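Coordinate inspection notes
The chain contents come next:
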Amino acid sequence: VGANKSAVKMIAMGTELHAQAYFEYDAKKSGGVTISHLRFGPKPIHAPYNVRAADYLAIHKPSYVHSYDMTRYLKQNAVCVINCSWDKSELEKQLPAKMRKDLAEKQAKLFIIDATKIAVKAGLGKRINMIMQTVFFKLSAVMPYEEAVEMLKKSIKKMYGKKGDKVVKMNIDGVDASIEGIVQVDIPAAWASLDLGAEATDAKKQKVAYGKGPRMFPEVQDADQFAKQVQAPCNNLDGNALPVSAFVPGGRVPCGTSQYEKRGIAINVPKVDMDKCTQCNKCSLICPHAAVRPFLATGQELAKAPAAFKDGSRSAIGGGVLDNYQYRIQVSPWDCTGCELCVRICPADALTLGPAEKVIQEEEANWNFAVTLPDRGDEIDKTTVKGSQFQKPYLEFSGACEGCGETPHVKLMTQLFGDRLVIANATGCSSIWGGSNPSFPYTTNTKGEGPAWANSLFEDNAEFGFGMRKAFKQRRDYLANQVEDTLADKEVLMSEELRAALNQYLVMRKENMHDLLLPRGRSIYHQIMEKLVPLLEKEKGDHPKIHSLYDLEDMFGRSSFWIVGGDGWAYDIGYGGLDHVIASEEHVNILVLDTEMYSNTGGQASKATPKGAMAKFAEGGKLTQKKDMGQLAMTYKNVYVASICVHVNPQQAVRAMIEADAYPGPSIILAYSPCISQGFPMAESIQHCQMAVDSGYWPLYRYNPELAAHGNNPFQLDSRKIKGDLFKFLAKENRFAAVMRRDPKHAEELDNKLQENLVQKNHLLQVLNKEDLEGQFSKLVEGLSDAKSSGDSITVLYGSESGNAEEQAKNLMQDLIARGLKATVSSLDDFEFEELPNQKIMILVVSTCGLGEYPANCKQTWLKLQ
């Protein structure tokens, strides 16, 4: 669209021709369909309708020839250009029969060009817009080609000058190489007499017959119905022809329809070498589109698997329930966008990129089998990074940009709380990739459970989500009263099992107990609900009051409420409402996807934009520093606050989300979300985010007010000290580098002030993080002195995977004995759990392993403590 807008301006200003342009584009952030309707002529153009007789047709993606009827609006003797990697001999096989027939009957001039190959050679990746623009000027004859190229190169310098001379040169090199790549194809006369046969029959079968009159579909369409009746026509570019009767009133739509799209927009797709795979699941964690996932299968299930899937499976590593399964990482080749993040994050180089067409042929059947395997997430602890990725992602195949930094955070949130998640989403990038008709990426499990998602406006999202939580609380209070009344009514007869379960629920509610998380990260309220629902269903006919409780069954569980949005909403337009929410005592969570600008509307500056960064409305570099949302929230003292980045410290991100959900008050999590508008290749996001954390640009921390109630420091700094070069980090982002190129002295002043601000902030965080070490040491000395005088034995228990913690524990025991104290040492799991309350003094030495998992020799004790 941008290139065509530029072309229209060039023609209108550089020739005597009048011009008109209208652009159609969908809501996809990556790989979306765009249609440019361009008209040129010697007289003023007044045509308020789309082009329906085209003299020039350019098909920029080869997949379009299979997805859409590309030639229906082609004029007689028109020019048709296809960007593809096929040579002349392959067109007979690759082009649909109808397209070949139309080209012959309309006596079109057909050209092919491998623009992607030219772009890659020029260093442009898959950006082919300028190459195809050059082809347009060459073949359309709208204006003299030499003049057009000269003007095009000037427009490139103007358009990409801010991005540096290298980017300008790459685009000009692409323009210069374009013409040599054009190949004219002679259209065989035999194409005109092709029999469409089966192709026409298949198209007729796929077409939905819509009748006139009353709405023809039920109140709620399931995903399959919706995909056939609404989504398929829209994806075939026939959405404008749908009648009103095709839609369900009220704006409700089924979840999980993105799975039907299979867009196939990647040029290269990853494949996994399972012999190298360490089974860390990091590739699944970082995938923005949930197109890479770990699967667990039994031997019996693998007997039905495709040979390649079976041969590529390995015994699962990790002990416990994993010992019962075979493990495999599987890629969905049709849904992958080719962002490369999984390849970059893999510690063992087990993932490599291959041509999409080849990988699709090899892996499509494997993926189709993998998604039929049972979901085994309930068997595995979701509070670890590895365990979280065995949970079903309730956000999949969204329309977000390739390499998007927002979706991994939201996807992780759905894996932790998805079956009880309620999301109020602010308008912005996350609402566009999260809920654009007709493709909805939020999905459900086999029970039909999944996130409830709604979007109101940009400015009132905090109030919108707050109202959801208040309404839910009101309904739960009503339920508690109904349970109390039912238990007190002696005329209501029920089983002892049901009475005990209702009493358990009532105790939790009456004593206002927190929703403690069970060892596998599951909610206690949810466990009570799973126990109650079958009992209520069985006994609902015994008394109206029991039936009334059955009607309210979904209120027994505790939903996890999250208000989600970008920094434009949170820091600027919706800040008043957000401040109102965090100043309350309500148990509601806020997730801010911080891209440090208004990403959805073109990269305007927000109050989250840092000092010195260039953005729209701050072309010379922003003069004021970024609002510190975390410190503002911490001033209330009752708000759980965390700053996370899943690209750098995924275990900290998992812990922060779980702690925020369990905290019985408001919480806010600030998630650093790298964005293409920041001006660096998204494939480098992982390394780039690491530089952001190491340089102190984005500190990682958690603030939990509950810790203060027990005499502990509520603040924990998870990124301990600055160890990176801030200026190297800034130079890699075009939003800072562009200011450096334009005015080096001004940029230096702004960047020095930014560094000064960050050093001050980091110093403040270090102060907050300091424990009362002197006081803690005094307590230890006092305890040891008491043990010596009373003759009590000191129990030293350890949890160790590599042996370091065990060594420290045994050295500590020797030191205690050397000081005349009695001491014993053992691993936590070797010590009798029931004896723990009888120990007067214990010292625990535990070091987590891997991605935060508990060592094998203390895990059972930890689970029992829960």
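Structure's up top.
Calculation notes
Residues numbered from 1 in each chain as written. Predicted model: local features only at pLDDT ≥ 70, side-chain atom pairs only at ≥ 80, totals over all residues. Heavy atoms only, no water. Helix = DSSP H or I, 4+ residues; strand = E, 2+ residues; numbered from the N terminus. Rg over C-alpha atoms; globule rule 2.2 N^0.38 Å. Buried < 20%, exposed > 50% of the residue type's maximum accessible area, 1.4 Å probe, protein only. Areas by Shrake-Rupley, 256 points an atom, 1.4 Å probe, with all protein chains shown as cover. Expected span 1.5 Å × (residues − 1). Bend = angle between axes of the 7 residues up to and from the residue. Contact = heavy atoms within 4.5 Å. Axes fitted to C-alpha atoms, helices over the stretch in contact; angles between N-to-C directions. Left-handed = near helix turned anticlockwise from the far one by under 90°. Nonpolar A, V, L, I, M, F, W, Y, C, P; charged D, E, K, R; others polar. Core = buried A, V, L, I, M, F, W, Y, C linked by side-chain atoms within 4.5 Å. Salt bridge = Lys/Arg side-chain N within 4 Å of Asp/Glu carboxyl O. Pairing = 2+ DSSP bridges. Patch = residues over 30% accessible without salt bridge, like charges linked within 9 Å, V, L, I, M, F, W, Y side chains within 5 Å. Polar contact = N/O pair within 3.5 Å; in protein donor to acceptor, adjacent residues only side chain to side chain. Parallel < 35°, antiparallel > 145°, perpendicular 65-115°, else oblique. Phe/Tyr/Trp six-rings, centres within 6.5 Å; stacked < 30°, edge-to-face > 60°. Lys NZ or Arg CZ within 6 Å of the ring centre and 35° of its normal.

**Considerations on the overall build of the protein chain**
Counting its regular elements, the protein chain contains 34 helices and 22 strands. Computed over its C-alpha atoms, the radius of gyration of the protein chain comes to 31 Å, within 12% of the 29 Å expected for a compact globule of 866 residues. Dimensions of the protein chain, computed from the C-alpha atoms along their principal axes, are close to 105 × 75 × 55 Å. The buried share of the protein chain, reckoned over its 866 residues, is 50%. Surface exposure of the protein chain reaches about 40500 Å², of which carbon and sulfur atoms provide 52%.

**Regarding helix 21 (residues 524–539)**
For helix 21, which comprises 16 residues, the first-to-last C-alpha distance of 23 Å matches the rise-based estimate of 22 Å (1.5 Å per residue) to within 8%. The largest bend in helix 21 comes to about 25 degrees, at Leu532, with the proline Pro534 one to four residues further on. Of all the positions in helix 21, only Ile524, Tyr525, His526, Ile528, Met529, Leu532, Leu535, Leu536 and Glu539 are classed as buried. Close packing links the buried residues of helix 21 with helix 19 (461–488), helix 20 (496–510) and helix 22 (544–551).

**Overview of the packing of helix 6 (residues 129–140) against helix 8 (residues 165–178)**
Between helix 6 and helix 8, whose axes approach to 8 Å, the crossing angle comes to 40 degrees. Like other packed secondary-structure pairs, helix 6 and helix 8 cross with a definite hand, here right-handed. Touching Met130, Ile131 and Thr134 of helix 6 are Asn171, Gly174, Val175 and Ser178, all from helix 8. Residues of the contact of helix 6 with helix 8, tallied by class, amount to three nonpolar, four polar and no charged.

**Some remarks on unusual backbone geometry**
Cis peptide bonds are those with omega within 30 degrees of zero, and the linkage from Asn437 to Pro438 qualifies with 5 degrees. Structurally, Pro438 is set in the loop between helix 18 (429–432) and strand 13 (452–455). Its identity as a non-glycine residue notwithstanding, Ala290 has a phi of 55 degrees, on the positive side. Turning to its location among the elements, Ala290 is positioned in the loop between helix 11 (282–286) and strand 8 (292–297). Residue classification places Ala290 among the buried positions, given a relative accessible area of 1%.

**A closer look at the nonpolar core**
In this structure, Ile668 and Tyr697 are the most contacted members of the largest nonpolar core, which totals 69 residues. It is helix 21 that contributes the most residues to this core, seven residues altogether. For Ile668, the contacting residues outside a window of four places in its chain are Leu578, Ile590, Val592, Met629, Ala633, Val639, Tyr640, Val641 and Ala642. Core analysis: the next-biggest nonpolar cluster, separate from the first, contains 33 residues, Ile11, Ile118, Leu124 and Leu139 among them.

**A closer look at the pattern of salt bridges**
Summed over all chains, the structure comprises 33 salt bridges. Its salt-bridge partner being Asp55, residue Lys75 comes within 3.3 Å of it at the nearest N-O pair. Taken together, the residues span a long stretch of sequence, with Lys75 in strand 4 (residues 74–83) and Asp55 in strand 3 (residues 54–59) at a distance of 20 residues. Classification of Lys75 as partly exposed rests on a relative accessible area of 36%. In this structure, the salt-bridge partner of Lys126 is Glu402, at a minimum N-O distance of 2.7 Å. Here Glu402 lies in the loop between helix 16 (385–388) and helix 17 (407–417) and Lys126 lies in the loop between helix 5 (115–122) and helix 6, a separation of 276 residues in the sequence. Residue classification places Glu402 among the partly exposed residues on the basis of a relative accessible area of 26%. Among the charged side chains, a salt-bridge network with shared partners connects Asp594, Glu596, Lys626, Glu733 and Arg735.

**Section: the pairing of strand 16 (residues 640–644)**
Among the five residues that make up strand 16, five are buried, leaving the element largely enclosed by the rest of the structure. Of the two faces of strand 16, the one lined by Tyr640, Ala642 and Ile644 and the one lined by Val641 and Ser643 are each fully buried. Where strand 16 lies against strand 17 (residues 667–672), five bridges are found, and the strand directions are parallel. Bridge assignment links Ile644 to a residue of strand 17, and that residue is Ala671. Pairing analysis gives three bridges linking strand 16 to strand 18 (residues 701–703), with the strands arranged antiparallel. Its bridge partner being in strand 18, Ser643 is matched across the sheet by Tyr701.

**Here's the deal with a nonpolar patch on the surface**
Together, Met842, Leu844 and Val846 give the surface a local cluster of nonpolar side chains, amounting to about 250 Å² of exposed area. Inspection of the secondary structure assignment puts Leu844 in strand 22 (residues 841–846).

**Describing the sheet that holds strand 10 (residues 326–331)**
The three strands are arranged 8-10-9 in an open sheet whose pairing can be described as antiparallel. Looking at which strands have only one partner, the edges of the open sheet turn out to be strand 8 and strand 9 (314–315). Where strand 9 meets strand 10, two bridges bridge the pair, whose relative direction is antiparallel. If you follow Arg314 over to strand 10, its bridge partner there is Tyr327.

**With respect to the side chain of Ser827**
Its location among the elements puts Ser827 in strand 21 (residues 822–827). Within the structure, Ser827 has its side chain in polar contact with the side chain of Asp830 (distance 2.9 Å).

**Some details on the packing of helix 21 against helix 22**
One can describe the packing of helix 21 onto helix 22 by two numbers: an axis separation of 9 Å at closest approach and a directional angle of 140 degrees. Accordingly, the angle class assigned to the pair helix 21 and helix 22 is oblique. As helix 21 packs across helix 22, the resulting crossing turns out to be left-handed. In contact with Leu536, Glu537 and Glu539 of helix 21, helix 22 contributes Ile546, Leu549 and Tyr550. Of the residues that constitute the contact of helix 21 with helix 22, the class distribution is four nonpolar, no polar and two charged.

**A few points about the pairing of strand 15 (residues 589–594)**
Burial runs high along strand 15: six of the six residues are buried. Inspection of the sheet shows strand 14 (residues 560–566) paired to strand 15 by five bridges, in the parallel sense. Looking at the pairing, Gly566 lines up with Leu593 of strand 15. Across six bridges, the pairing between strand 15 and strand 17 is parallel. Counted as the bridge partner of Asn589 is Ser667 from strand 17.

**Describing the packing of aromatic side chains**
Under the definition given, this model contains 20 aromatic pairs. Centroid distance Phe295 to Trp367: 5.8 Å. Interplanar angle 80 degrees. Geometry classified as edge-to-face. With Phe295 in strand 8 and Trp367 in helix 15 (residues 356–370), this pair connects stretches of sequence that are 72 residues apart. A single burial state applies to Phe295 and to Trp367, both of which are buried. With a centroid separation of 6.2 Å and 70 degrees between ring planes, the pair formed by Tyr505 and Tyr525 is classed as edge-to-face. With Tyr505 in helix 20 and Tyr525 in helix 21, the pair connects residues that are 20 residues apart, well separated along the chain. The burial state of Tyr505 is the same as that of Tyr525; both residues are buried. Among the aromatic residues, those joined into a ring-pair cluster are Phe40, Tyr56, Phe136 and Phe137. Between Lys627 and the ring centre of Tyr575, over which it is positioned, the NZ or CZ distance is 3.7 Å.

These values are about where atoms sit, not about what they do.
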